[in-house]
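Structural characterization, general
Letter by letter, the chains look like this.
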Amino acid sequence: MDDCLFCKIVAGEIPAEIVHATERTVAFRDINGQAPTHVLVVPRDHYANAAELAAGDPEASAEVVRTAAAVAAAEGHDDYRLVFNTGAGVGQSVFHAHLHLLAGRPMAWPPG
Ligand code: DGP
């Protein structure tokens, strides 16, 4: 996708603090961190959201979750929250599938 922010981060065309990378995924810190650890895990290939990723590339979908778990462990967190916002109505602002990994502070439920 020519005009996709996260495709450009994956391609190295826009800088980001990359914390982990695998064959199918890249993990980098959220520019607007909401917790001591706030990392976004994205598939290298472009899918608009988590459901499209799971339908189109189930292995990459699983690898996104495995990557988030690896980052959480590397940063010393046994407890963490994983979030896929899907749709502008619930706050999705970048339409390249991304898993939020949040950890390192108490979190309320239900989320706001
Ligand atoms: P969402 O609202 O679920 O679509 O999450 C998009 C996240 O992307 C949001 O938490 C902020 C983050 N973000 C937006 N632009 C950039 C950027 O240029 N670099 C990085 N590292 N994160 C970004």
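One can find the structure itself at the top, above this paragraph.
Every value quoted in this text rests on a predicted model; they were computed, and no experiment measured them.

Description of the site of the ligand
- Neighbouring the ligand are 15 residues, the closest being D30, N85, G91, S93 and H100.
- Within the contact set of the ligand, an oxygen atom lies 2.8 Å away from a side-chain nitrogen or oxygen of N85.
- Within the complex, the protein chains bury 82% of what would otherwise be the 510 Å² of accessible surface of the ligand.
- Looking at the shell around the ligand, the elements with two or more residues in it are α1 (5-11) and β2 (25-29).
- Element by element, the count of residues in the shell around the ligand is highest for α1, at three residues.

Things to note about the environment of T37
- Residue placement: T37 occurs in strand β3 (residues 37-43).
- Non-local contacts of T37, meaning those with residues more than four positions away in its chain, are made with E75, H77, L101, L102 and A103.
- Only 2.8 Å separates the side chain of T37 from the side chain of H77, close enough to count as a polar contact.

Points about the sheet that holds β3
- Strand order across the open sheet formed by five strands is β1-β2-β3-β5-β4, with antiparallel pairing between neighbours. Each edge of the open sheet carries a strand with a single partner, namely β1 (18-21) and β4 (81-83). Each strand axis lies, on average, 20 degrees off the axis of its neighbour in the sheet, ignoring direction.
- Alignment of β3 against strand β5 (residues 99-103), held across five bridges, turns out to be antiparallel. Directly across from V39, in β5, lies its bridge partner L101.

Some thoughts on the nonpolar core
- Counting 13 residues, the largest nonpolar core has V39, V41 and L53 as the members making the most contacts within it.
- Elements with a contribution of two residues or more to this core: β3, α3 (58-74) and β5.
- Among the elements that make up this core, the one with the highest residue count is α3 (five residues).
- Those residues in contact with L53 that lie beyond four places of it in its chain are P43, Y47, P58, A60, S61, V64 and A97.
- If you look at the next biggest cluster of nonpolar residues, it comprises 10 residues, including F6, C7, L40 and V42.

A closer look at the packing of aromatic side chains
- In total, this model carries one aromatic pair according to the counting rule given.
- With a centroid separation of 5.3 Å and 75 degrees between ring planes, the pair formed by F6 and F28 is classed as edge-to-face. One end of the pair, F6, is in helix α1; the other, F28, is in strand β2, and 22 residues separate them in sequence. Of the two residues, F6 and F28, neither departs from the other in class, the shared state being buried.

Rules of the game
- Every chain begins its residue count from 1, and numbering advances along the sequence as written.
- Per-residue local features of the predicted model are confined to residues with pLDDT of at least 70, and side-chain atom pairs are confined, for both listing and counting, to 80 or more; whole-chain, interface and lining totals are unaffected and use all residues.
- Only hydrogens and water are removed before side-chain values are computed, so all heavy atoms of the structure are retained for them.
- To be near a molecule or strand, a residue needs just one of its heavy atoms within 4 Å of it.
- Throughout this description, a polar contact denotes any pair of N or O atoms lying within 3.5 Å of each other; where both atoms belong to protein, one of them has to be capable of donating a hydrogen while the other can accept it, and for residues adjacent in sequence the pair is counted only when both atoms sit in side chains.
- Using a 1.4 Å probe, the Shrake-Rupley method yields the accessible areas, and only the shown protein chains count as cover for residues.
- Every helix listed is a DSSP run of H or I at least four residues long, and every strand listed is a run of E at least two residues long, numbered separately from the N terminus.
- In this analysis, two residues are considered to be in contact whenever any of their non-hydrogen atoms come within 4.5 Å of each other.
- Paired strands, in this sense, are two strands between which DSSP finds at least two bridges.
- For helices, the fitted axis covers only the stretch in contact; all axes are lines through C-alpha atoms, and the angles between them, taken along N-to-C directions, range from 0 to 180 degrees.
- We call a set of buried residues a nonpolar core when its members are Ala, Val, Leu, Ile, Met, Phe, Trp, Tyr or Cys and they connect through side-chain atoms within 4.5 Å of each other.
- Whether a residue is buried, partly exposed or exposed follows from its accessible area with a 1.4 Å probe, protein chains only, as a fraction of its type maximum: under 20%, in between, or over 50%, in that order.
- The aromatic pairing rule takes the rings of Phe, Tyr and Trp, using the six-membered ring of Trp, and pairs them if the centres are within 6.5 Å, calling planes under 30 degrees apart stacked, those over 60 edge-to-face and the rest tilted.

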